[in-house]
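# Structural characterization, general
Chain residues, written in single-letter form:
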Amino acid sequence: MDFNFSPQQRLIRKLAREFAEKEVEPIAADVDKTGKFPRETFEKMVKAGFTGVCTPVEYGGSGGSDIEKVILVSEIARKCAATAGILSIHTIFASVILKFGTEEQKKKYLPKVGKGGCLGAFALTEPNAGSDAGNARTTAIFDPKTNEYVLNGTKCFISGGSQADYLLIFALTQPEKKLKGLSCIIVEKGMKGFSVGRVEDKMGIHGSETAELIFEGCRVPKENLVGKEGKGFNIAMTALDGARIGVAAQALGIAQGAIDLSVKYMHERVQFGKPIAALQGLQWYIADMATKTEAAKWLVYYAAFLDANNMPHTKEAAMAKLNASENARFVTNLALQIHGGYGYMKDYPLERMYRDAKITEIYEGTSEIHKVVISRAVLGR
Ligand SMILES: Cc1cc2nc3c(=O)[nH]c(=O)nc-3n(C[C@H](O)[C@H](O)[C@H](O)COP(=O)(O)OP(=O)(O)OC[C@H]3O[C@@H](n4cnc5c(N)ncnc54)[C@H](O)[C@@H]3O)c2cc1C
């Protein structure tokens, strides 16, 4: 067993930490306040090579595996969960093209989402198909006269949907087959018949715009089909295994950031003539926060290690996300408590982190769905 990062991974962590301190932290409160997608920061992440993580260098990426992705996402989430979420979700597009795309698709799209500055999105959810993703109603009917798929329907709650250049859309190519008729199709920004609807006003991760996508007779060339027709559900579930490790990394970073702030505050804040770090009640809070976060960290890295080594990791990714997201809620709650009334004020980042942490228990599958996945694996049912 080896619990150490390689020299290369330590360097990536150093770069990511410096990037987060210099480029992310100073604008995190403003991104939260305005709810504006941090385009400039995204472009800086492109330049730094972060957006190309997990994409091989020969396809225009930066290389690395899910372990490097966890390092990047968690370091950025320490300072801004929205920015970390943008990076994490962006990487899903490339991971799907890499695993299931044709050579032409890899050559066309991977350099663009790797270091080319284009943003990717993943659109599975619909108004009546959330946890029950197989209940999707969006259709993509093939027109043999033009060799195109014609998309009709609505996707909702899509992260980066209003900003993305390339979107993976899960739609029924054979509606009568339901789940087995679901396919994955690349839609490009600006395609006729595709428009962005409502952009949601939400509790947290404000900078990560969450949008409705509308398809009205949107014609997409046949070569934009990813994998085989009818394999969309498999593709989506495989993508979600990796995506869940990304959300777990986001949750891990939020928790670590809340601990950092709490430790600093406990040394600075004086009550009853001594720093509140001297109060045993709060010391025990810190002990619980640090212990649970350390445990969460190793589960996240274990899932990433399995993914990086092409080993099965559905159960471990679900466990990592379930545990890390519950921990992020637990830790941000105690961190806010440690900050007392100041923690409740918008002048301090804790109330933002407390709101941001909640999403990690909902997207890329809710905690309840993870328990379904885990219990199935454990019980062998
Ligand atoms: C901010 C945000 C960003 C998002 N980004 C994306 C994105 O980029 N792409 C995308 O495709 N989707 C995205 N989503 C959608 C997200 O993945 C879904 O919201 C989530 O999967 C839950 O679906 P739902 O909201 O329809 O809830 P429902 O499925 O209606 O669930 C309602 C409740 O029932 C519980 N439940 C449902 N089924 C079961 C079951 N079998 N057993 C036990 N409990 C169950 C749920 O856990 C939940 O508590 C995003 C959502 C949000 C809020």
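These numbers come from a predicted model, not from an experiment.

## Focus on the overall build of the chain
- A tally of helices and strands in the chain yields 11 helices and 10 strands.
- In terms of overall size, the chain behaves like a compact globule, its C-alpha atoms giving a radius of gyration of 21 Å where 381 residues would be expected to give roughly 21 Å.
- Along the first, second and third principal axes, the C-alpha set of the chain runs to 80 × 45 × 40 Å.
- Split into buried and exposed, the 381 residues of the chain put 49% on the buried side.
- Long-range contacts, defined as pairs at least 24 residues apart, comprise 74% of the intrachain contacts of the chain with a sequence gap of at least 6.

## Side note on the domain arrangement of the chain
- Segmenting the chain into domains produces domain 1 (7-119), domain 2 (121-230) and domain 3 (233-379).
- Once you take the C-alpha centre of each, domain 1 and domain 2 turn out to be 23 Å apart.
- Listed by contribution, the elements that provide at least two residues to the side of domain 1 that touches domain 2 are α1 (7-34), α4 (81-100) and α5 (103-114).
- Looking at the side of domain 1 that touches domain 2 element by element, the count peaks at 12 residues for α4.
- Its residues placed into classes, the side of domain 1 that touches domain 2 shows 16 nonpolar, 6 polar and 3 charged.

## Looking at the site of the ligand
- Contacts to the ligand come from 21 residues, most closely from Gly130, Ser131, Ser159, Thr366 and Glu368.
- Secondary structure elements with two or more residues in the shell around the ligand: β1 (120-123), β3 (148-159) and α11 (367-379).
- Looking at the shell around the ligand residue by residue, the class counts come to 11 nonpolar, 7 polar and 3 charged.
- Three or more residues apiece are contributed to the shell around the ligand by two domains, here domain 2 (121-230) and domain 3 (233-379).

## Some remarks on the environment of alanine 20
- Note on placement: alanine 20 falls in helix α1.
- C-alpha separation for the pair alanine 20 and cysteine 80, spaced 60 residues apart in sequence, amounts to 8.1 Å.
- Contacts of alanine 20, omitting those with residues within four sequence positions, involve Glu25, Glu75, Ile76, Arg78 and Lys79.

## Considerations on the packing of helix α7 (residues 280-308) against helix α8 (residues 314-338)
- The geometry of α7 relative to α8 is characterised by a closest axis approach of 9 Å and an angle of 155 degrees between their N-to-C directions. For the element pair α7 / α8, the angle class is roughly antiparallel. For the element pair α7 and α8, the recorded crossing hand is left-handed. Along the contact surface, α7 presents Leu282, Tyr285, Met289, Lys292, Thr293, Ala296, Leu299, Val300, Tyr302, Ala303 and Leu306, while α8 presents Glu316, Ala317, Met319, Ala320, Asn323, Ala324, Asn327, Phe330, Val331, Leu334 and Ile338.
- Across the contact of α7 with α8, the residue classes break down as 17 nonpolar, 3 polar and 2 charged.

## Describing the nonpolar core
- Formed by 115 residues in total, the largest nonpolar core has its most connected members in Ile185 and Val300.
- Ranked by the residues each element gives to this core, the list is headed by helix α6 (residues 232-268), at 18 residues.
- Not counting residues within four places of it along the chain, the set of residues in contact with isoleucine 185 comprises Ala140, Tyr149, Ile169, Ala171, Val220, Asn224, Leu225 and Val226.

Scoring rules and cut-offs
- Residues numbered from 1 in each chain as written.
- Predicted model: local features only at pLDDT ≥ 70, side-chain atom pairs only at ≥ 80, totals over all residues.
- Helix = DSSP H or I, 4+ residues; strand = E, 2+ residues; numbered from the N terminus.
- Rg over C-alpha atoms; globule rule 2.2 N^0.38 Å.
- Buried ≥ 20, exposed ≤ 12 C-beta atoms within 10 Å, placed from the backbone.
- Contact = placed C-beta atoms within 7 Å.
- Domains from an automatic or database assignment.
- Nonpolar A, V, L, I, M, F, W, Y, C, P; charged D, E, K, R; others polar.
- Near = placed C-beta within 6 Å.
- Axes fitted to C-alpha atoms, helices over the stretch in contact; angles between N-to-C directions.
- Parallel < 35°, antiparallel > 145°, perpendicular 65-115°, else oblique.
- Left-handed = near helix turned anticlockwise from the far one by under 90°.
- Core = buried A, V, L, I, M, F, W, Y, C linked by C-beta atoms within 7 Å.

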